[in-house]
Each structure stands twice: as structure tokens, then as C-alpha cells.
Amino acid sequence: ALLILLAPVFAFAQQKISGKVTAQEDGSALPGVSVRIKDSNTGTQTDAKGNYSITASQGQVLVFTFVGYTTHEVPVTGASTYNVSLQFTRTALTEIVVTGQGVKREKRSLGYAVATINKEDIGDNVSPINALTGKVAGLNITSGYAPGASSRITLRGPTSFNGNNQPVFVIDGIPVSNDNIRNSDFLNDQVDYGNRGNDINPNDIESITVLKGPAAAALYGSIASNGAILITTKKGKKNSPAQINFSTGYQLSQVLKLPTFQNEFGQGDLDAIADDRRENFSWGLPFDGKVRPFGQVINGKQQLKEYKAIPNNVKNFFDYGQTFNNNLTISGGNEKSTYFLSVGALNNKGIIPTTNYNKYNIRFSGSSEFSDKFSSTVSVGYTNISSQLPLGGQTNSVYNSIFQQPRDMPIVDFKDLSNPFNGTFTGADGTQYYGYYGAYTKNPYFLLQNYKNNNSVDRINGTFSLSYKPVKGLDITERIGADVYADRRYEKGAKYFYKPFEQAFYGQNNWTDNGKYSQDITNYLQFNHDLIVTYTTTLAKDLNMKVLGGNNVRITTNNNLFSATNGTGGLIVPGFYNLDNSNGPINSTNTLTQRRLYGFYGEADFDYKNMLFLGFTGRNDISSTLPTNNNSYFYPSVNGAFVFSELYKDKAFSDVLSFGKVRLSYAKVGQDANPYLLQTTYAKTSINGDFGSIIFPLTSNGSTIPSFSRGNRIGNPNLKPEFTSSFEVGTELSFIKNMINLDLTYYNTKSTNQIVDVPIPNSSGYTSIAMNVGEMTNKGLEIGLRATPVNTSYGLRIEVFGTYNKVKNNVVSINEGINQIVIGNGTTAMQQVAAIGKPYGTFYGTGLEIDPASGKVVIDTATGMPHNSATRFYGTYLPDYMASLGANISYKGFTLKVLFDTKQGGQFYSNTKSVIDFGGYSIETAANGRKDYVFPNSVYDDGTGKLVNNTSITFHPERYWTRIVPAGENLIDASYVKLREASLTYSFAQSMLKRTPFSRLNVVLYGNNLFLWVPKSNQFADPEINGQGAANVQGYEFLSNPSLRNMGIKVDVSF
Amino acid sequence: KKFLDVNTDPNNAVDVPANLLLPGAETGLTYALGNTLAINGGIWAQYWTQNPTSNQYNSLDQYVPAQGDFDNVWLNLQVDALENLQKVVEKGNATKQKEYVALATILKVYAFQLTTDLWGDVPYSQTLQGDAVTRILFPKYDAQSDIYDGLVKMIDTARNMIDVNDAVNPGPDDLIYGGKMDKWLRFANTLKLKIGLRLAKKDAARAANIVKSLQGAEFIRPGESAMQNFNATGGQQNPLYGAIAGPVLDKTQNLVASSTAFNFFNENNDPRIFAFYGPAPNGNFSSIPQGSFGNPPTTIVSPPTAITGGDANDPQSAFAPVRVMTDYEANFLQAEATVRGWLTGTPADSFYNRGVRYNFAAFQVDGYGDYIVQDGVKYPSTGTDAQKLEAIITQKWAAMCGTQNIEAWTEWRRTGFPSFFIVSQGSIIGANRMPGIFLYPSSEMTRNVNAPKTNHFVYDKVWWAQ
């Protein structure tokens, strides 16, 4: 019999309920949130201000859902207002990512690894590149963290011997320049002018998507063979009244790591004049605290000071860096259009007196729908940079000067250059003198006053797109964009000649420079056009297809004009910085580089039951830089994904493994050559030695003789495109209702037929030849983990995340006859190479001679000193692995974020070590009280050719550190752990803001690059600093700008 | 098609004629001689030593140069000089400008000899063919003995090609002789004499054969030294001074008087001491023992004079010419050939005296007459051949002080004269070892599969010195 089911009758009164929905992370209003009454068909959406109203009865439950946020349920209890803040979430189920050519896809459908960093995670870093550190498995970023400093970014290891190894930067679908143009002479005039990828204002970024390898980047073609960094800028929201956001920040910076100094011995040279007051050496007598005169005797006077260590004399030289960061944005929209305008100002005073960096950004974006079928978007950014930057390196560098001061020298006391004991003055007879104590180094404040490096950059990039949707499923989009900048660099060196006042003792050690003035002006243009047609359709039940076809045209023009006053002649009139003031012919080069490319590409994606996905891409490029018969090349990719959790989504097991996917991809990316590699040419003659050069024309017997010389590179009309292929397999797993998310990838990348300017023996008559050579592989494992172990109803939420990334790079082959290629610029004593059978970036130079049998150092029986070895291989700068670990903890209005990251393994060359060992400032030079001792772990030849353990033959430390120590001894372990980021945010609750004009108010205390832990052997420098910026040569700390610890406060309000 | 047609290099020339290549090619050679070779030679021929107040050339006095230290000089010789001379030869042949071919061939011989004398076995027969139709990227290394055979043939080819009456010849673009082919012929003869004598110790028969073929030939005439002038304009200065005065070294006086040479001049009352060494800033003339830069400086040491290009504080250094071969060198060579009996006609003492006299004249030093008659200076007419050779080579060494440093060091390696060289006090390569050869440059060791697997030791000897 049928049981009659009775429906209960509840007589609750219906009531009108309203409220506001905001985002928990920043308190901003969330429009478009779905508000539903549970188990009913009633529902509404929040408006542009995040407000909603709905009619519900007590006991019913309101369900708030919004893509990208956790679903929130609120029982109706009788109150009439329910304000809800939604927690941002990452879930593999719904995440939308931007892929090649700006196509938005559900992440679940992709057969390759991508990572997206949302604005919430960019943090308060002034560099958008550095903001990615530790957040994406497979990313390797190196930077010094000063505003405007270079950041090198690589994905999944280097693929090219001496070409570009960095990913392409794309802003709103348009590739933009990330150039890092440096002086070739990093030894002497090293100025870090930064890289263009850091120009964008981080405040304008909505999200950054990292396409890690060729698979992800196949549609962009050549330029994305090392992956792509896709930056999506913020946009206005539809149906939103004007929203005004203002943030202001103040940041303090200091040097993260200074060398460890000895504090036992002061100025002098025990092997010569023990208390030599001219010396930069700290090889003098032990400190005794007694008052002694020091420096020159000027007009019968001499300075006095206590003979004792000043432990912080170097540290005290540096100021606190100060950065003001102000940003204003206005955005909004109506039903058909949106707008967004942002203005940013970054004003920095550097840690080195007189240096600064200022950046101004303006960005406008808008969109409009003209009709149901036509719509368009525009996004334009302008950047202006003006800066005054310090010199690094070995000649007139501030670092060289401050690191070469005896341990008893009060460096900050030398600031007043009008004091004759610090600066310069004119003698009674008109002679120009310096009165500074040091005969062998100059006063750092004098250098700051006399050497200036100015940079100014104006840059505009933007994109305009027009879309037409004639019928359902079909979309035709035309997008054009350009990136244009002028980068102007002005370097000034003063002309002066000062004799030491006390010439009898200070001798020939004059302060002299002929001066210089140079202009280095680059005008860059990149124009890009894409016409993209997409068609989406359902082929059969549960089977969807999306096809895309496109055409790309890209034009890049780079015009550089470098002009400098005569290299040796310098300036004529001191203090007049103009090319007209050149003492001798101006050195000038103009370089025009043009490349053009057009390509056709296509993509087809199939989706079966939202479970099985298959994608194909293909692209054919035709490039101006390759020989006509070889300039067209095609490259395909295929990827597939299987969301196997779909198979059991209704089973209980889905609570344990709530999402599971495996993916597989294979891709190939072709690449063209650099321009002008096909011919051997002739250039104006200039002949260079270790120092100095001859530059034609030459005046000889009264007439001017011009000269040209054969170009050093053999051109190759038979070049072919090069290819990088990549195989990738991975899985994405979510456990326990997405509480734990795991992303695992293994990949194998192979670069072949690389177009390399191969260095060849000069006995061929040339130094290099352009060729297709070699093979290099990268095998890597990437793990990304994100878990939310605590997520309570009372508001406490703890999220932890981490990455692990191991890449094994191997140079498999180069070319017959060539075993290694020097990468970029090293020094003659220590080079960096790609050598067969070794990882990229291996160091190659001389070190101490080691007995292969015992592994001990071979010493000279007579002197106890080690012998120098023949040139040999050391380790690479590439780390063994990288990892990061972070946590986001939020409770009520508070959010605490911390992020640690580490690189383990790898080596770097520290010139700071070389300098401070040489001068006797480092702690290792004070070992054994500087008395002769047995060289640690050494052996010697007992006279019969047998090497025996040394326990008795001692060496003289000063002689070793000042004369013997070879380059290999300056290589140190580059491992580190850093507290990369930490921040504490407090968002004021809506209730507290009622009486204020603000709809939102956040206060953030933050820091980045905060603490550094290194192995004991590294008493010298942060392994992340590099004298060659973002170039392929890494791990050369050559008295470069030190890295900074930054701490700041930011207030962020909306009206 | 048009759209992509932007790959013609707008920054360099596609082709240039021989007369535009010659000046740069010659300067590649003189730059090597005047820069690295002047420094290495100056220290190893014990004219100069490292100043104790600075450090730039410690490793040379320590006898531990790095192989990377030889990269630039190798590049100057192989690419700046030899490859461009090769292009002059090719273009001269193509346009029937045979004096260009002859001149460039002579300088190629000079540069090749320099290379093999410094590094021993070097690429020769397969060199300079990087852009040939069948290109050779990795030239093999030839035995020095074979290279010398080749050089003799090559210099004879060039000598026979010269037509002093040819209307088509180089002009001011020849920075050494202004295109005077008669001078080049005498230069070529002298060069062949030098080549022959270099083998005198190792293979006297071969040497004699080469030298005897020159009987009756004319050698470099007085006042006709082969040299290239430089001037005070930045980028056109003497290569040694240009380096010292540049923005990196900033006029630091690294090179100062070595007691080895300084005392020789002093003890022989040789007025040339003031031509080759200047007063220290305190007005004194003084020197320090070779390689004693590590000892406490007791005095300010004399620098080389501007005539050598090596005085950091005298802008006149910019004008110092680089000497390729000199009239006095030609006479010392003839003196030696005569003592050995391979050239006849003029007695050896005439050549010896002329050698010294022309050297005094070249540097405008008075007092030749008083100097040459002293015991210990005058030609040992009654001595043994060995004593005569010692006198000749020692005087040649004195004559080359500061201006032909590398040749003086090479002649010491061949003959052991002067006999009073000391082991540098700064040496860290073990007792009784002295430099005998250059290390192959890093570029060859790492790029040329045909290069020897291991580098020389700096105290090894080249074949003709063994």
C-alpha cells in the first residue's frame, strides 16, 4: 500500500533580505555573484557595487557562488542584512587561464602545465618579475631587488648556447621587449640599467600566466621557444559606477649581505712598511687602540685617530634606500563599455648617496560593444623612467673603493670633500692636489661626485582589438599592437689631474682621469598584428570542438647610436659634458637591426564530456633573417588531458580524490636567426688589446688614412631554422574536496640545430662562424603543492603552498671539433662555458693544483705555497634544485603571508672575495694571527716525485693572499635560503568604514628579500647578484650592486 | 618577398679594395709588437720589471701567466694582421696589383715567424682558410721545422715578385714604408737573414744554406728602419702608451727599470741609459732586481722613457714608433752571419760597430766614440767565435732595450745571451726555470680540436732552441 506522504506546512513569513558581497582578500565589491536560495529556483545576482536583495523566509539558506571563489552558505535567521565576504580560491575544477594568443581556456582542458599568479599574489614588489619568485615551479629568477635592477628569468633551464634564454613577455596579447642591454665591458664600467620587462607597473596587473614550455607557447612561435609570461592588465567592470582606488607606500631598503670582515689588523703592509699610511692594504700591525697620525701631512698638519677597527665602516657608508610608491586608479563601466585609468609614481633614493630611480606609469584600457556583433578593446601604457645609477666593477666603482679601505678607516668621515684631508685642493703654487690618505684608491665620495650615469626611458606600448561575431560560435578578431621605446643613457666621467700633496712619500700615485662623456641611445619598435578566427561548435552529443586560425605579422626595428668622447683622449675642458668637447675623434657607432616575420597558425581543440581533451596546434613562420630557400618552417604540437575523476564523480571516493587529471604533450618550436648572419662583411678597423685600442682612421705623415678589416665572423648563407622540442607528462590531483592540490610535471626538452655564433680558432682567420650546431637537453621535474588544512567557519584560514623544481641540463654536442663555447663575457682567468657532457654555465679557469690521488693541494716545497693548476672545469652556476614554501593565514580582517625560497647547488664567482682577500680585509686572511702556517690539506713532493702529507712546511699568508691566489679560489657555493616575502595586511571591516568616505581600507606591512641564509663558506655576497644583469652569463659577482632587503608600509583605499 | 627583404647588413661594408685593408693589417702586427709583446718581452728580456707599488704584471715576473692572457695578442696576429694580409694578397692577385701581394706576403712571413718563434708548433699550412671554398675551421698544427721551410719559400716568392719600378704600388696606405718597394725588398732580404740565423744552433747546415743565398743581397739601409709611427690623438697612440693612458690603467706606472739591463748600461758607462730609462719623479735614476716587486720598496724606481712608449707620465710616449725591424738589427744579423762564415765581404767588426752606432743615432745619443772603445764593449776581434757571438748578441740586446723587446727575448732564448739574466725573484715555478715559450691561448685550447691536448709549460723550449 502506498504510504501517503504528508507535506509539512511551515508558516514562516517571507522577508526582504539585502546585503553586500565583497572579496575577502581586499574588501572590494564583487558584482555578478549568484545568490540563490538553497533547494529552490529563486535567485538573483549582485549588482555592480556588490549589493543584492532577495526575498527569503527564515530557515532558508542563502547560497553565494562566484567563479574563482569558495561557495558560501548563510542561514536566514531573521535579520534583514547579510553581508558576505567570499574567499578567493584556486580550484582545478573551474580555473580559467589565458593561453597562447590570449585565448582563455579552462585549465582542466589543457594537456600541459601552466601557472597563473593573480593580483592578490603579486604582493608589494616594485618588480613584476621578482613578484613571481617562488610561486611557480620551473621558474628561475635572479635579481638584486633594487628598484630598476635587472631580473633574469628562465623557465625549465637554458635552451640556447648563446642566444636568448628568457621567455617572451606579452601584455594583453602583444609581445613586448624584455631587453637587457649592457655595456660589453662589465669589468670596468658596469651600470645596471635594468631590463624592460620590469617597466610595467605591478599595480596595473590583473594576473600573470606563465606558459612554461614550447607546448604552452606553440602558438606564439619563435619568440616563445623559452616559454611566455602573459600579463593581463586590469580592466574596468561593466555596470559599475566609477571606482577610485588610491594606494600609497613607503619602503626602506638596506644591503642584504655585506662581506664578513676581520677586525684585528689595520692599515699597512707588514711585508713592506708595517704602518704605511698610504696603504689601502689592511695587512698592517694588530690594532692597539693607540692614537696615531694618519694620512698625508698637509701644510704641516696631519689627522689623528685611534688605531682600532671600525667594524661597520663599510655598512655605515650606505644610506637607507627610500621608495615612495603612489598609485591611483579610476575604473568603471556601463552596459556596453568599460574604462580603466591608472597613474603610478615610484620615487626611489638609492642606498648609495646621490643615486636614484624614478618611474612613472600611466595606463588606460577601455572596451566597448558597438552592437551585438561588434566590440573592441584598447589598452595603452606609458612608462617614463629617469634614474641616476652607480658604477660597479673594478675601476671607478664605489664598491671597489669602499671594499678597499683598511679596517680602521672611518669611511663616512670622508664625506666632506671640502676638507683637504678628504678631497682635493689647489696649492699655493696653483698645483692641484689631493689630500686623501690613500695612494692606491680614491675616496668613494669623490668617485660619486665625479662619475654619473643617467638613464631616461620613454616607452609606450598598447594594443587595439576589434571583434566581430557574425554568427553564433564564430569570432573574428583583429588585434594590432606596438611597443615603442627610447632608452637614453648618458655617462659622465670627470676630467682631473691631482697630485698627492706629500709627493715625496706618495710618489707617482696621482688621481688622474681624462674624463668621458657618452650617449647611448636606442630607439626600439616592435609592431605586431594578429588576425584570429575562432569557431566553436558541438560536433555530436558531448563532443565539442573549437578551431582557431590566425595570421601574425611582426616587425622589429632597433636603432642604436652610441657616441662617446675619445676613449683615451677624453675631454678637453673639464666639467663640460658634450661630444664637442672630445679630445680627439669621437668614437661613434650606429647599429640598425631589422627583422620581419609573418606566420600562419592554427589550433583545434576537442572536448569529450568535459573529461577527455585533445588539442593540436601548428604554426608556419616565414622569417627575414634566414636564407630565402630556408626561411619557411613549420612546427606542430599536440596535447591531451584526461580528467579521470569525472568517471567517479558521483561516488564516495570523489571526496578523497576530488579531482584527478593526467596530461601529456609533445611540442616543437622553430626559431629563426639573428639578423645579418648570412654574409661575411668588412668593418672599420679597430684593434684592441687587453687595454687600449687603435681606431682608424689614423693620421700618418700628415694625411688621414682610413682602413677597413675583414669581419671577424664568417657569415653562413646555408643557415636553417633551429628547433626546440619538448615532451611533457603531468598530473593534477585534488584531495579531500580540494583541500590539497598537487601538480606534478616531468619534461624533457631538446634543442637541436641551434643557430650559434660558434667561436672558432683564430688561426682560421676568424673568431666565429654562424652555424647550426649542437644539442642541449633539459630534463626536469616540477612539483607544485597547495593545501588548505584549516578553513573554519569562524574565519581562520590557513593555506600553505610550495614548489619544487629540478632541472638537469646537459650539453650533448656542439659541433665537430668544438668541445666548448664561451658564454658571454667572463674574465681571462675564469670563463663560463657550454662544454660537452657538462651543464650549461660551467666555470672554466685556473685554480690550485690538486693531487688527484689524495684530493689535496700540492704545495711548493721551498715556499709552502700552493701551485696553480692548468685551466680546468669547475661547477655550473645552475642550481641543482630550487624550492619554495609559503603560507597565507587569514583571520577576520588580518592576512599574514610568508614565503621562503631556496636554490641549492651551483657556484658563483665572487670578485668581492678576490678584492677583500687581496687587501687583507676578509676574515680568512686573519687566520692563525697571520703567522705562517701549514696550508690546509696539502701535500708536497718529497724529492722523489712522491706526494706526501704536509704537516711542517708553512706558507706566508700575506704573500699567498696578495700574490698567489688563483681565480678558481674565488668560486663559492651559491646555495641559499631566503625569506623572500612576508606581509601582514589588515582590512578594515565595512562597519568600521561607515563614517568614512572609504568603501575599503587596507593597511599592509610588507617586506621582500628579507633574510638570507648561506653556507659558511660564503662570507662575501648574496649569490643572486650578478655583474651582467639578465644576460646568459650568471654567477659573476663582480663588485656589482648589492642586493637589497626591502621593508615597507602601504595604505590602500577605495572610494 | 619585398616585405622580408631586410637582411642585408646596413652596419658593415660588403666589400673593400686592398688599399683599404693594408693599413689595418699592418697595424694589427705593430699593435701586437707594441702592446702585449712589448710588455711580455720587456719583462722577460729583463729590461723592465713590475713596479712594487702596483700589481698589473705580477704574473709575468712570477712566470705564471694564464693561457687566457695570450688570447688578445694571438687575435691581433692571426685575425687583425694575418687574415687581413691574406685578403690583401687575394685582392691584389685578383686585381693584378702584385706589389700589394708582395708586400702583404712579406709581412705574413714576418707574422708567421713571430708566431712560431713565440708558441713553437702553430697552425701554418692550413691557416687563414675559414672562408675559403673548402673552408678549414680547425687548422692543424705544423712542426716548427716545417714552418721554417715554408717561410723560406714564401719570402723568396715575395722577393722575386717585387718590381721596384712597378707603377702600381701602395702609397700612404703602407704605414711602414709608404709603398717604397725597394725598401720592402731590403726588408725582405733582412727578414730572410733573420729566419736563417734563427736555425743556426739547431740546424747549422740549413741555416747556412738560407743565409748563403743572400750573399750580395742588400739589407736594410741606415735610417731605413721599418717602423710605424703613432701620434698623440686618442686611439692613435703608441700601443703600449695607449693602454697605460687608457681609462682602466689610468696612467699607473707598472713597468720600471730592471737591474739586469739598468746595471749593464751603468757598468759600461753607456749613455743610452738616459735614452731608455727616465728619472723617477724624485729625480733619481734607480732600478730594482728582476721580479723583486714583493720586497719593501726602498726607493722610487726609474720608468722607461717616452721613446719606448712606456712612461706613464710623459705624454710624449704616445709618439713612440713601433719598430718592426731596424737598421742596427740588420747589421748585428750580418755580423753574426759573417762570424759564422755564411756571409763574406765585410768584416764582422764593421757590422758590429755600425750596429751600435746606428742604435746611438736612432735615439740621438751622443758618445758613441767613447763608448765603443771601452774594454768589454769593443768587438773582441781576437776572441773566439763564441765570444764574438756573445758580444754581438749582447749588444743587439742592449740596442733593442725597450723598443724591440720580444725579439731580444727570442734571441736570448736562441743564444743564451746576454749571459747575465737572473731567475726572477718573483718566480713561483721552481728553481732555475725561466720562460722559454708562450702558452697557447685559451681560444686555441678550447676551440681547436687540432691543438695539442695539453698546453706548454712556460719553461718549455721551442724546437730551434732545444
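**Some details on the overall build of chain A**
Argument step 1. Looking only at helices and strands, one finds eight helices and 65 strands in chain A.
Argument step 2. Relative to the compact-globule value of 31 Å for 1055 residues, chain A shows a C-alpha radius of gyration of 32 Å, a close match.
Argument step 3. Expressed along its principal axes, the backbone C-alpha trace of chain A runs to roughly 120 × 70 × 65 Å.
Argument step 4. By the burial criterion, 59% of the 1055 residues in chain A qualify as buried.
Argument step 5. Taking the intrachain contacts of chain A between residues at least 6 apart in sequence as the baseline, contacts between residues at least 24 apart amount to 69%.
Argument step 6. Accessible surface, chain A as shown: approximately 40,200 Å² in total, 57% of it carbon and sulfur.
Argument step 7. One finds the centroid of the 92 positive side-chain charges in chain A at a distance of 5 Å from the centroid of its 82 negative side-chain charges.

**Brief notes about the packing of helix H12 (residues 327–339) of chain B against helix H13 (residues 348–362) of chain B**
Residues and elements named next belong to chain B.
Argument step 1. Axis separation between H12 and H13 bottoms out at 8 Å; the angle between their running directions is 165°. Taken together, the axes of H12 and H13 lie roughly antiparallel to each other. Helix-helix and strand crossings are classified by hand; for H12 and H13 the assignment is left-handed. Between H12 and H13, the residues in contact are Asp 327, Tyr 328, Asn 331, Phe 332, Gln 334, Ala 335, Thr 338 and Val 339 and Ala 348, Phe 351, Tyr 352, Arg 354, Gly 355, Val 356, Tyr 358, Asn 359 and Ala 362, respectively.
Argument step 2. Grouping the constituent residues of the contact of H12 with H13 by class yields 10 nonpolar, five polar and two charged.

**Focus on the environment of Gln 322 of chain A**
Residues and elements named next belong to chain A.
Argument step 1. Within the element layout of this structure, Gln 322 appears in strand S22 (residues 321–333).
Argument step 2. Take Gln 322: its relative accessible area is 24%, and that puts it in the partly exposed class.
Argument step 3. The sequence separation of Gln 322 and Leu 252 amounts to 70 residues, and the corresponding C-alpha distance is 4.8 Å.
Argument step 4. Leave out the neighbours within four places in its chain, and Gln 322 touches Tyr 250, Gln 251, Leu 252, Asn 347, Asn 348 and Lys 349.

**Notes on the interface of chain A and chain B**
Often, the extent of an interface is quoted as the loss of accessible area on bringing the components together.
Argument step 1. Counting from both sides, the interface comprises 95 residues of chain A and, opposite them, 91 residues of chain B.
Argument step 2. Interface area for chain A against chain B, summed over the two sides, is near 7,900 Å², with a carbon-plus-sulfur share of 55%.
Argument step 3. Of all residues in chain A, the largest losses of buried area upon contact with chain B belong to Gln 508, Tyr 682 and Phe 691 of chain A, amounting jointly to 10% of the total for that side.
Argument step 4. For the interface between chain A and chain B, the tally reads two salt bridges.
Argument step 5. The partner of Asp 131 of chain B in a salt bridge is Arg 710 of chain A, and the shortest N-O contact between them spans 2.8 Å.
Argument step 6. It is strand S34 (residues 587–608) of chain A that provides the largest number of residues to the side of chain A that touches chain B, a total of seven residues.
Argument step 7. Of the residues that constitute the side of chain A that touches chain B, the class distribution is 37 nonpolar, 49 polar and nine charged.

**Thoughts on the domain arrangement of chain A**
Residues and elements named next belong to chain A.
Argument step 1. According to the domain assignment, chain A contains domain 1 (14–86) and domain 2 (120–255 + 321–394 + 447–682 + 708–841 + 877–906 + 974–1054).
Argument step 2. Placing the centre of domain 1 and that of domain 2 at their C-alpha centroids yields a distance of 40 Å.
Argument step 3. Between domain 1 and domain 2, the contact holds 10 residues from the first and 11 residues from the second.
Argument step 4. Of the roughly 920 Å² buried at the junction of domain 1 and domain 2 (both faces included), carbon and sulfur atoms supply 50%.
Argument step 5. Linking domain 1 to domain 2 there are zero residue pairs in polar contact (both at pLDDT 80 or more).
Argument step 6. Among the residues making up the side of domain 1 that touches domain 2, the classes are represented as three nonpolar, four polar and three charged.

**What about the packing of aromatic side chains?**
Argument step 1. Summed over the entire model, instances satisfying the criterion amount to 72 aromatic pairs over all chains.
Argument step 2. With centroids separated by 5.4 Å and ring planes inclined at 75°, the aromatic side chains of Trp 397 of chain B and Phe 420 of chain B adopt a geometry described as edge-to-face. Of this pair, Trp 397 of chain B sits in helix H15 (residues 385–399) while Phe 420 of chain B is found in the loop between helix H16 (405–415) and helix H17 (442–447), placing the two residues 23 residues apart along the sequence.
Argument step 3. In textbook terms, an aromatic cluster arises when at least three aromatic residues are bridged by ring pairs, as seen for Tyr 47, Phe 262, Phe 264, Phe 265, Phe 276, Tyr 277, Phe 363, Trp 397, Trp 412, Phe 420 and Phe 421 of chain B.
Argument step 4. Against the face of Tyr 307 of chain A rests Arg 292 of chain A, its NZ or CZ located 3.9 Å from the ring centre.
Argument step 5. Between the NZ or CZ atom of Arg 413 of chain B and the centre of the ring of Trp 409 of chain B, over which it lies, the distance is 4.0 Å.

**So, H13 of chain B**
Residues and elements named next belong to chain B.
Argument step 1. A rise of 1.5 Å per residue sets the reference length of H13, with its 15 residues, at 21 Å; its end C-alpha atoms lie 21 Å apart and thus fit the reference within 8%.
Argument step 2. Those residues of H13 lying buried are Ala 348, Phe 351, Tyr 352, Gly 355, Val 356, Tyr 358, Asn 359 and Phe 360.
Argument step 3. Buried residues in H13 make contact with helix H11 (273–276), H12, helix H14 (368–372) and H15.
Argument step 4. The positive-phi residue at the C-terminal boundary of H13 is Gln 364, with phi of around 50°.

**Here we look at the pairing of strand S29 (residues 474–493) of chain A**
All names here are of chain A.
Argument step 1. Two elements, strand S28 (residues 451–468) and S29, share 18 bridges in a ladder whose sense is antiparallel. Each residue of the ladder has a partner; that of Asn 453, found in S29, is Glu 491.
Argument step 2. Counting the residues in the hairpin turn of S28 and S29 gives five residues, including Gly 473, whose phi is positive at 90°.
Argument step 3. Relative to strand S32 (residues 516–540), S29 is paired through 20 bridges, and the arrangement is antiparallel.

**Some remarks on the sheet that holds strand S64 (residues 1036–1037) of chain A**
Residues and elements named next belong to chain A.
Argument step 1. On the basis of which strands lie adjacent, the open sheet formed by three strands has the order S61-S56-S64 and mixed pairing. Each edge of the sheet is formed by a strand with only one pairing partner; in this case those strands are strand S61 (971–973) and S64.
Argument step 2. Pairing geometry for strand S56 (residues 907–910) and S61, over three bridges, is antiparallel. Across the sheet, residue Tyr 909 finds its bridge partner in S61, namely Leu 971.

**With respect to the pairing of strand S13 (residues 168–171) of chain A**
All names here are of chain A.
Argument step 1. A two-sided burial pattern is seen for S13, the buried positions comprising Val 168 and Val 170 on one face and Phe 169 and Ile 171 on the other.
Argument step 2. Bridge analysis of S13 against strand S16 (residues 228–233) gives four bridges, and the strand direction is parallel. Across the sheet, residue Phe 169 finds its bridge partner in S16, namely Ile 229.
Argument step 3. Sheet analysis places S13 next to strand S14 (residues 174–176), joined by three bridges and oriented antiparallel. Residue pairing across strands places Ile 171 opposite Ile 174, the latter belonging to S14.
Argument step 4. Between the antiparallel neighbours S13 and S14 lie two residues, among them Asp 172 with a positive phi of about 50°.

**Digging into the sheet that holds strand S2 (residues 34–37) of chain A**
Residues and elements named next belong to chain A.
Argument step 1. Spatially, four strands are ordered S3-S2-S5-S6 in an open sheet, and the strand pairing comes out antiparallel. Looking at the sheet topology across the chains shown, the edges are occupied by strand S3 (43–45) and strand S6 (72–75). With direction set aside, neighbouring strand axes in the sheet form an average angle of 20°.
Argument step 2. In the sheet, S2 pairs with strand S5 (residues 61–65) via four bridges, with the strands oriented antiparallel. Bridge pairing links Ser 34 to Thr 65 in S5.

**A word on the pattern of salt bridges**
Residue and element names in this part refer to chain A.
Argument step 1. In the structure shown here, the tally under the stated rule is 67 salt bridges over all chains.
Argument step 2. The shortest N-O distance in the salt bridge between Asp 121 and Lys 897 comes to 3.7 Å. Taken together, the residues Asp 121 in helix H1 (residues 119–122) and Lys 897 in strand S55 (residues 894–904) connect sequence positions 776 residues apart.
Argument step 3. Residue Asp 121 is classed as buried on the basis of its relative accessible area of 13%.
Argument step 4. When the shortest N-O distance is used, the salt bridge between Arg 663 and Glu 728 registers 3.7 Å. Taken as a pair, Arg 663 in strand S37 (residues 657–671) and Glu 728 in strand S45 (residues 722–735) lie far apart in primary sequence, 65 residues in all.
Argument step 5. Glu 728 gets classed as buried once you look at its relative accessible area, which sits at 2%.
Argument step 6. Members of the salt-bridge network, linked through shared partners, are Lys 107, Arg 156, Lys 212, Lys 661, Arg 663, Glu 728, Glu 732, Asp 743 and Glu 782.

**Points about the nonpolar core**
Argument step 1. Counting residues in hydrophobic clusters, the biggest one holds 155 residues, and the most contacted among them are Tyr 47, Trp 119, Trp 184, Phe 187 and Tyr 277 of chain B.
Argument step 2. Sort the elements by how many residues they give to this core and helix H5 (residues 98–119) of chain B lands first, with 14 residues.
Argument step 3. The residues touching Trp 119 of chain B, leaving out its near neighbours within four places in the chain, are Phe 70, Val 73, Trp 74, Leu 77, Ile 437, Phe 438, Leu 439, Tyr 440, Pro 441, His 456 and Val 462 of chain B.
Argument step 4. Within the second largest apolar cluster, 45 residues are counted, among which are Phe 294, Phe 317, Tyr 436 and Tyr 496 of chain A.

**Brief notes about unusual backbone geometry**
Note: most peptide bonds trans; most residues except glycine with negative phi.
Argument step 1. Cis geometry is adopted by the peptide bond preceding Pro 697 of chain A, which originates at Phe 696 of chain A and carries an omega value of 0°.
Argument step 2. In this model, Phe 417 of chain B is joined to Pro 418 of chain B through a cis peptide bond whose omega is 0°.
Argument step 3. Summarising the element assignment, Pro 418 of chain B is placed in the loop between H16 and H17.
Argument step 4. In this structure, Leu 1039 of chain A takes a positive phi of about 50° despite not being glycine.
Argument step 5. On the secondary structure map, Leu 1039 of chain A appears in the loop between S64 and strand S65 (1044–1054).

Reading the values: the criteria
Residues numbered from 1 in each chain as written. Chains lettered and ligands numbered in written order. Predicted model: local features only at pLDDT ≥ 70, side-chain atom pairs only at ≥ 80, totals over all residues. Heavy atoms only, no water. Helix = DSSP H or I, 4+ residues; strand = E, 2+ residues; numbered from the N terminus. Rg over C-alpha atoms; globule rule 2.2 N^0.38 Å. Buried < 20%, exposed > 50% of the residue type's maximum accessible area, 1.4 Å probe, protein only. Contact = heavy atoms within 4.5 Å. Areas by Shrake-Rupley, 256 points an atom, 1.4 Å probe, with all protein chains shown as cover. Lys, Arg positive; Asp, Glu negative; His and termini not counted. Charge placed at Lys NZ, Arg CZ, Asp CG, Glu CD. Axes fitted to C-alpha atoms, helices over the stretch in contact; angles between N-to-C directions. Parallel < 35°, antiparallel > 145°, perpendicular 65-115°, else oblique. Left-handed = near helix turned anticlockwise from the far one by under 90°. Nonpolar A, V, L, I, M, F, W, Y, C, P; charged D, E, K, R; others polar. Buried area = accessible area lost by both parts, 1.4 Å probe. Salt bridge = Lys/Arg side-chain N within 4 Å of Asp/Glu carboxyl O. Domains from an automatic or database assignment. Polar contact = N/O pair within 3.5 Å; in protein donor to acceptor, adjacent residues only side chain to side chain. Phe/Tyr/Trp six-rings, centres within 6.5 Å; stacked < 30°, edge-to-face > 60°. Lys NZ or Arg CZ within 6 Å of the ring centre and 35° of its normal. Expected span 1.5 Å × (residues − 1). Pairing = 2+ DSSP bridges. Core = buried A, V, L, I, M, F, W, Y, C linked by side-chain atoms within 4.5 Å.

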